[in-house]
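Letter by letter, the chains look like this.
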Amino acid sequence: MAFEPPQRLVRALGETQRDGGADWLGRLPELVRRAVGLRELTVERVQAPGGRSSLVLLVRQADGTPAVLKLVPPWARPGSERAALVRWDGFGAVRLLDADAPDAGEGVLLLERLHPEMSVRSLPEAKALLEAAGTLRRLWVEPPAAHSFETVAARTGRQAEAMRRSAEADPEAAPLVEAALAAREQLLATQPEEQLLHGTFRQSKILAGERMPWLAVGPDPVVGECAFDLARLVRDRVEDLIAAPSGAAITRRRVKRLAESLDLDQERLRGWTLFRAVESGVRARRVGRPGDAELLLEFASWL
């Protein structure tokens, strides 16, 4: 099958996995050919702009049912995504259609077709946050026994090391990094009940569906406290927050309202929001996205 991967994916792989990304992109046509043949699919088109860490194709199954074929590189933890989708079984999240596929180990997932052109982000802000919070609540379930999901402590530990290295090379960001790392240490000192989390939840990851009005896609699942998952949602539409004259006050109100709506501790949500915003900001600066970095670090300074 001849196709060109979306440029958004190519750029993202260049930022984060330069060597492995080129190799995986080179193998993509053969991976697609085998996955399509194994499932007797008809490819309609490549979804563009698509994601930053996967190739998504709109396909039809042998009986004509629309579906999505997703190919995920190994460093993006496709096995964890598959395991989480099996655990959720379509409740609050897109449904996995090939749980027992023989090529599951190659990062191939066949998913139900949603409406990629309509995400929760298309709604007015207040309505979007309400729908997003309701969807997220459905995903917070007890992880399977003897699971192999990464924990919040482990994931943020890796991120903390990268943040320290970035701060050494970027003294301007050092005070925020120090505050974020201190918040992480304090949060991990006491741990509320751990749940299976989406891991990278935001408005654009919630698409309109047929079975349910809204379903989450693209998890990078992790096990930990729910406030960690909600923290990424707090900064959605960060460019609008920064542009607003009262952006700092709006942000603090958003933290309070989201925490109350999902019965979470407001200070724990604030702390994880700070950590995740600073981590994203210093990473954006490290990979050459200074505009994103400036927005995220200014947002973090309000917390």
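Scroll up a little and you will see the structure.
Residues numbered from 1 in each chain as written. Predicted model: local features only at pLDDT ≥ 70, side-chain atom pairs only at ≥ 80, totals over all residues. Heavy atoms only, no water.

Draft legend 1. Structural context of the packing of helix H7 (residues 226-234) against helix H9 (residues 247-261). With their axes 10 Å apart at the nearest point, H7 and H9 run at an angle of 140 degrees to one another. When the axis of H7 is compared with that of H9, the two are oblique. In this structure, the crossing between H7 and H9 has a hand that is right-handed. Side by side, H7 and H9 meet where Leu230, Leu233 and Val234 of the first sit next to Arg254, Val255, Leu258 and Ala259 of the second. Taken together, the residues of the contact of H7 with H9 break down into six nonpolar, no polar and one charged. (Axes fitted to C-alpha atoms, helices over the stretch in contact; angles between N-to-C directions. Helix = DSSP H or I, 4+ residues; strand = E, 2+ residues; numbered from the N terminus. Parallel < 35°, antiparallel > 145°, perpendicular 65-115°, else oblique. Left-handed = near helix turned anticlockwise from the far one by under 90°. Contact = heavy atoms within 4.5 Å. Nonpolar A, V, L, I, M, F, W, Y, C, P; charged D, E, K, R; others polar.)

Draft legend 2. Inspection of the environment of Ala153 at higher detail. Tracing the chain through its elements places Ala153 in helix H5 (residues 152-169). Taking the C-alpha atoms as reference, Ala153 lies 10.0 Å from Gln191; in sequence the two are 38 residues apart. The contact partners of Ala153, leaving out residues within four places of it in the chain, are Arg184 and Leu188.

Draft legend 3. Main features of the sheet that holds strand E3 (residues 66-71). The sheet built from four strands is open, its strands ordered E1-E2-E3-E4 with antiparallel pairing. The open sheet has two edge strands with one neighbour each: strand E1 (42-46) and strand E4 (108-112). The sheet shows a mean angle of 30 degrees between the axes of neighbouring strands, direction not considered. Sheet topology places E1 next to strand E2 (residues 55-60); four bridges connect them, and they run antiparallel. Residue pairing for E2: Thr42 is matched across the bridge by Arg60. (Pairing = 2+ DSSP bridges.)

Draft legend 4. Up close: the packing of aromatic side chains. Tallying each qualifying case throughout the model produces three aromatic pairs. Aromatic pair Trp272 and Phe275: ring centres 5.9 Å apart, planes at 90 degrees, arrangement edge-to-face. Residue Trp272 and its partner Phe275 are located together in helix H10 (residues 266-286), separated by three residues, close to a single helical turn. Neither residue differs from the other here; Trp272 and Phe275 are each classed as buried. Through pairs of rings, three or more aromatic residues link up here, namely Phe228, Trp272 and Phe275. The cationic tip of Arg276 hangs over the ring face of Phe228; the distance from NZ or CZ to the ring centre is 4.2 Å. (Phe/Tyr/Trp six-rings, centres within 6.5 Å; stacked < 30°, edge-to-face > 60°. Buried < 20%, exposed > 50% of the residue type's maximum accessible area, 1.4 Å probe, protein only. Lys NZ or Arg CZ within 6 Å of the ring centre and 35° of its normal.)

Draft legend 5. Up close: the sheet that holds strand E8 (residues 214-216). The antiparallel open sheet is built from three strands, whose spatial order is E5-E7-E8. The sheet is open, and its two edges are formed by strand E5 (115-119) and E8, each paired on a single side. On average, each strand axis in the sheet is tilted by 55 degrees relative to the strand beside it, whichever way the strands run. Together, strand E7 (206-208) and E8 form the strand contacts of helix H4 (residues 125-139), whose direction differs from that of E8 by roughly 55 degrees.

Draft legend 6. Spotlight on H10. Here H10 contains 21 residues, and its C-alpha end-to-end distance of 30 Å stays within 8% of the 30 Å for a straight helix at 1.5 Å per residue. Taken across its 21 residues, H10 has 15 buried, putting it largely inside the fold. Its side-chain oxygen 3.0 Å from the backbone nitrogen of Glu267, Asp265 forms the N-cap of H10. Of the residues trailing H10, Gly288 is marked for its positive phi of about 90 degrees. (Expected span 1.5 Å × (residues − 1). Polar contact = N/O pair within 3.5 Å; in protein donor to acceptor, adjacent residues only side chain to side chain.)

Draft legend 7. Highlighting the environment of Leu96. As for its placement among the helices and strands, Leu96 is situated in the loop between helix H3 (78-88) and E4. Judged by relative accessible area, Leu96 falls into the buried class, the value being 12%. Distance in space between the C-alpha atoms of Leu96 and Ala67 is 9.9 Å, their sequence separation being 29 residues. Beyond its immediate chain neighbours, meaning those up to four positions away, Leu96 contacts Arg82, Leu85, Val86, Leu109, Leu110 and Leu111.

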